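Listed here are the chains, written in short residue letters.
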Amino acid sequence: MNWLSQTVAVTLVNLRTIPQRLSSSAVAIIGIAGVVIVLVAVLSIAEGFKAAMRGAGSDSRAIVMRSGADAEMTSGLTGPDTDIVKQAPGIKRDGQAVVASAELFVIIDLPKKSTGTSANVPMRGIETTAFKVRNEASIVSGRMLQFGTNEVIVGRAASGQFAGLDVGSEIKSGQVTWTVVGVFEDDGGVPETEIWCDAKTLQGVYRRGNSYQSVLVQLEGPDSLGPFKDWLTANPQINVGVRRESDYYAAQSLTLTTLIRSVGFVIAALMGIAAVFGAILTMYTAVATRAREIATLRALGFNATAVLVSVLAESIALAAVGGVIGGVIAYLGFNGYQTSTINFQTFSQVAFAFRVTPELLLMGLVWSLAMGLLGGLLPAVRASRLPIVTALREL
Amino acid sequence: MRYLPLVWKNLWRRKIRTLFTLACIFVAFVLFGLLMTIRTAFTLGVELAGLDRLVLIHKVSLIRPLPIAYQARIASVPGVQAVTHNTWFGGIYQEPSNFFAQIALEPEPYFRIYPEFRLRPEEMKAWLADRQGAVAGRDLAARFGWKVGDRIPIQGTIWHPKGGGNDTWEFNLVGIYDGEPAVDKTQFFFRYDYLDENRSGGEGQVGWYIVKVDDPARSVDLAHRFDDMFANSSDETKTTTEKGFVESFAKQIGDIGAIMISILVAVLFTILLVVASTMAQAVRERTSELAVLKTLGFSSVTLLTLVLAESLFIAILGGGLGLLFVWAVVQNGDPTHGLLPMFVLPTRDVAAGAGLILLLGLLAGMLPALQAMRLRITDALRRN
């Protein structure tokens, strides 16, 4: 007990005197904050991208493409194929009609607002049932497009990222002019980067005949995937692959998020070395300036472990301050930052917002505490081993 | 010069601290080099793209094909040296994650327009003799362990062989192309005539055209000329210089450059802070010594130089080793085995790194050096 109360006493003295040494502690704090900012910011890109992809996928929807195709871009289904798909069991029904939408997915060249350079914007030809299948999607301004015309509706993110996509504006693309009549949202998911038009119109414009690329269906429930898939795979008339929509989008985000995360961790780890060194320096300085004080404590009978713990605690406290500052800056600076990148699987743009999640902030804090611990270790050992007599004599 | 031993002695007065500082700067410039390498990879070698080459794509989107008949019309325009076409194949080799570019093209014209891709004459001859022949970049061949003579099956996703059934296309690897370190050696080229004769649907269509012009100064004029030529047809075109094309594609990835640079700023700022505070600490410890030196007749400017020399020395040694390290790694080749289209550290970035090293050394040493210069002997001596 005596040992414990000694430790607590010395530690409290140390912590209380931090404000007096703030300027010499700044190196440790700022260094660690820098690492946390970079770590959290880089990982928030991956989080945001993943969230946009995950938000798009529902586990009670299935996407049907040509067998072997891993993205809509490379898939192809004929009109009769899609009719067969719509007869499969397990699809939800709305009265007599099946809740399924045969869709065409192409790319259209439009300038990006931020750079003015052209970008591959995804354009989706939909059927009237598209909003029934994606029951979370809704029109937020303007109105729904009229089927059989050149009217389009644009996703909220697309209208923010690409030029000339406001309600009422016209998009000239080759010989065709599209009129934007509405803006829709879809829970922040990938479709919000898309432009939607009538599938039949798009077939004509892109000279695709009566062909589609995918059929998106609303299942009766998440468990209906099995029978639905079995029926389609067993059907000799068509050759298709069936995937749960959530799996489909999760697979698409995997490559990019893995890449960003590894880059983020490597950079933060390398920076961390410098930050730990900064902390070591700070703590050595702190120990050196208090050598006499520490020696006095030891002469009074405080034991070495108490001194060791107190120095470690100071270092960890400084690191925690740095971690919190870094987390706050990363949150204020990056959370919600809108951007877009190319998704190589679909060869088209995906808009997303950086996401600084609580998990990321927590991880940043854990990293900062670890750096504080590492930085404090050597100075703490030195402080606890300080020879009392020489230290007392020192200035 | 004659104070060098003094600077040297001062540096190693606290060996551990100096080594740590060196390590920090080393790490900072390793990061600098790697980030610049990644940035170059993501900007897809914009610097290397030719200004005398134009890319002609469908106006609506890159994915729309163009008729093969355009080739003769483009070739007839004065000022055009050569024209050829590419078609994206987009197939899967074994696993979808084994992604690499597969392009159907005309071997001879293509390799003439792109002299940076080097293929041995006998390999070119073998290719022209074998309709199913294909060539792969050196990095790509290394990634999958391919050798000349291998048979490579690739599953078609966009293009399907006539007669349905199996989607697999087979190629004979007849050659491996090479090039300078900055050239993309991760592509797979095969013959367009093989694709066109055997695909069901899309016959007589190509992905995009590449035009080599006589005079790069006329590139823009010619680009307009082509677009006007095909205006109001059902397949209108958009022509840009290859450089412009690559640049705008790189921008689609997002502003990788800006992200890399902001990370670097954060990294270098942190390092600068650590190094500067170390230097300040080192000088503070020696206050009384500096005062003695002044008493002995060392001028203020000499003291300033001494302290600055110390910090510059640390910066140059640590940073130089860091850059050297990255350079050595890059010479060793791409550690991701062809995941990045190129893996080079441009000379321009090395120069920028050298500049940053000097700046870091000067900034870190400046404050303590000024302190040393302004030191008043009596105060400093009394303090002890």
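Quick caveat, the model's predicted, so the values are computed rather than measured. (Residues numbered from 1 in each chain as written. Chains lettered and ligands numbered in written order. Predicted model: local features only at pLDDT ≥ 70, side-chain atom pairs only at ≥ 80, totals over all residues.)

For this particular structure, what's the right way to read the overall build of chain B?
Counting secondary structure elements, chain B contains 14 helices and 11 strands. For chain B, the C-alpha radius of gyration of 29 Å lies well beyond 21 Å, the compact-globule estimate for 384 residues. Dimensions of chain B, computed from the C-alpha atoms along their principal axes, are close to 95 × 45 × 35 Å. Across chain B, contacts joining residues at least 24 apart in sequence account for 83% of those joining residues at least 6 apart. (Helix = DSSP H or I, 4+ residues; strand = E, 2+ residues; numbered from the N terminus. Rg over C-alpha atoms; globule rule 2.2 N^0.38 Å. Contact = placed C-beta atoms within 7 Å.)

Mind showing me how you'd approach the overall build of chain A here?
The number of helices and strands found in chain A is 12 helices and 16 strands. Computed over the C-alpha atoms, the radius of gyration of chain A is 30 Å, more than 25% above the 21 Å expected from 2.2 N^0.38 for a compact globule of 395 residues. For chain A, the spread of C-alpha atoms along the principal axes amounts to about 95 × 45 × 30 Å. Within chain A, the proportion of its 395 residues that are buried is 52%. Sequence separation of at least 24 residues holds for 83% of the intrachain contacts in chain A that already meet a minimum separation of 6. (Buried ≥ 20, exposed ≤ 12 C-beta atoms within 10 Å, placed from the backbone.)

Where do I start with the interface of chain B and chain A in this structure?
Quoted interface sizes are often the accessible area lost when the parts come together. Every contact between the two is made by 36 residues of chain B and, on the other side, 38 residues of chain A. Here the side of chain B that touches chain A gets 11 residues from one element, more than from any other, and that element is helix α10 (residues 256-285) of chain B. Its residues placed into classes, the side of chain B that touches chain A shows 19 nonpolar, 12 polar and five charged. (Nonpolar A, V, L, I, M, F, W, Y, C, P; charged D, E, K, R; others polar.)

Could you clarify how one ought to interpret helix α8 (residues 245-289) of chain A in this entry?
It helps to recall that an α-helix has 3.6 residues per turn; residues three or four apart then point in one direction. In a regular helix each residue adds 1.5 Å, so 45 residues correspond to 66 Å; α8(A) covers 63 Å between its end C-alpha atoms and thus fits that length. A bend of about 35 degrees at L254(A) is the largest found in α8(A). (Expected span 1.5 Å × (residues − 1). Bend = angle between axes of the 7 residues up to and from the residue.)

Can you help me understand the packing of α8(A) against helix α2 (residues 15-42) of chain B in this one?
Helix-helix packing: each pair is described by the crossing angle between the helix axes and the interaxial distance. α2(B) packs onto α8(A) with a crossing angle of 160 degrees between their chain directions and a minimal axis gap of 9 Å. As summarised for this structure, α8(A) and α2(B) are arranged roughly antiparallel, according to the angle between their axes. Viewed along their axes, α8(A) and α2(B) form a crossing whose handedness is left-handed. Residues I267(A), L270(A), I273(A), A274(A) and F277(A) of α8(A) form the contact with α2(B), whose participating residues are F20(B), C24(B), V27(B), A28(B), V30(B) and L31(B). A class-by-class count of the residues in the contact of α8(A) with α2(B) yields 11 nonpolar, no polar and no charged. (Axes fitted to C-alpha atoms, helices over the stretch in contact; angles between N-to-C directions. Parallel < 35°, antiparallel > 145°, perpendicular 65-115°, else oblique. Left-handed = near helix turned anticlockwise from the far one by under 90°.)

I'm lost on the packing of helix α2 (residues 22-56) of chain A against helix α11 (residues 358-385) of chain A in this one. Help?
Residues and elements named next belong to chain A. Contact pair α2 / α11: the axes reach a minimum separation of 9 Å and the direction vectors enclose 150 degrees. Between α2 and α11, the angle is such that the two are roughly antiparallel. Judged by the twist between their axes, the crossing of α2 over α11 is right-handed. Where α2 abuts α11, its residues A28, I32, V35, V36, L39, V40, L43, S44 and E47 lie against L360, L361, G364, W367, S368, M371, G372 and G375. Here the contact of α2 with α11 is composed, by residue class, of 11 nonpolar, five polar and one charged.

Explain unusual backbone geometry to me, please; I cannot follow it from the model alone.
Peptide bonds are, in most cases, trans, and in most cases residues other than glycine have a negative phi. Although it is not a glycine, D187(A) sits at a positive phi angle of roughly 55 degrees. Residue placement: D187(A) occurs in the loop between β10 (176-185) and β11 (195-198). Given 15 C-beta atoms within a 10 Å radius, D187(A) is considered partly exposed. A positive phi angle, near 65 degrees, is found at Q94(B), a position not held by glycine. As for its placement among the helices and strands, Q94(B) is situated in the loop between β3 (80-88) and β4 (102-105).

Help me understand the sheet that holds strand β10 (residues 208-213) of chain B in this model?
Pairing between sheet strands relies on hydrogen bonds along the backbone, with the strands arranged either parallel or antiparallel. Residues and elements named next belong to chain B. The mixed open sheet is built from nine strands, whose spatial order is β6-β7-β5-β8-β4-β3-β10-β1-β11. The open sheet has two edge strands, β6 (151-155) and β11 (237-241), and neither has a second partner. If you compare each strand with its neighbour and ignore which way they point, the axes differ by 35 degrees on average. Bridge count for β3 against β10 is six bridges, and the pairing is antiparallel. Bridged to T84 within β10 is I210. Running over the sheet, helix α5 (residues 121-129) touches β5 (133-137) and β7 (168-177) and is turned about 160 degrees from β7. Relative to β11, helix α9 (residues 242-252) is tilted by about 100 degrees, and along the sheet it contacts β1 (53-58) and β11. (Pairing = 2+ DSSP bridges.)

When you look at helix α8 (residues 219-229) of chain B in this model, what are you seeing that I'm missing?
Residues and elements named next belong to chain B. Those residues of α8 that sit buried are S219, L222, A223 and F226. Looking straight down α8, one finds that the buried residues subtend no more than 105 degrees of arc, so they occupy a single side. Residues of α8 that are exposed and angled more than 90 degrees away from the buried face: D221, H224 and D228. Among the structural elements, β1, α3 (70-75), β10 and β11 are those in contact with the buried residues of α8. (Arc of directions from axis to C-beta.)

Can you walk me through the confidence of the model for chain B in this structure?
Detailed reading of the predicted model is not advised wherever pLDDT is low. All names here are of chain B. Overall, the prediction assigns chain B a mean pLDDT of 87, with 94% of residues at 70 or greater. Looking over chain B, one finds the lowest element-wise mean pLDDT in helix α14 (residues 377-383), namely 77, and the highest in strand β8 (residues 188-191), namely 97. Across the interfaces of the predicted complex, the ipTM metric reaches 0.78, alongside a pTM of 0.83. (pLDDT = per-residue confidence, 0-100.)

Just to check I follow, could you spell out the pairing of β10(B) for this structure?
Within a regular beta strand, the side chains point alternately toward one face of the sheet and then the other, so they alternate between its two faces. Residue and element names in this part refer to chain B. β10 sits mainly inside the fold: five of its six residues count as buried. Bridge count for β1 against β10 is four bridges, and the pairing is antiparallel. Paired with R53 across the strands is K212, a residue of β10.

Just to check I follow, could you spell out the environment of D193(B) for this structure?
All names here are of chain B. As for its position among the elements, D193 is in helix α7 (residues 192-198). Overall, D193 belongs to the exposed group, with 12 C-beta atoms counted inside 10 Å. Along the sequence, D193 and A104 sit 89 residues apart, while their C-alpha atoms lie 8.3 Å from each other.

I keep staring at the environment of I153(A) and nothing clicks. Help me out?
Residue and element names in this part refer to chain A. Along the chain, I153 falls in strand β8 (residues 151-155). Considered as a pair, I153 and A62 are 91 residues apart in the sequence and their alpha carbons are 23 Å apart. Ignoring anything within four residues of it in the chain, the contact list for I153 reads I139, M144, L145, V181, G182, V183, F184 and W196.

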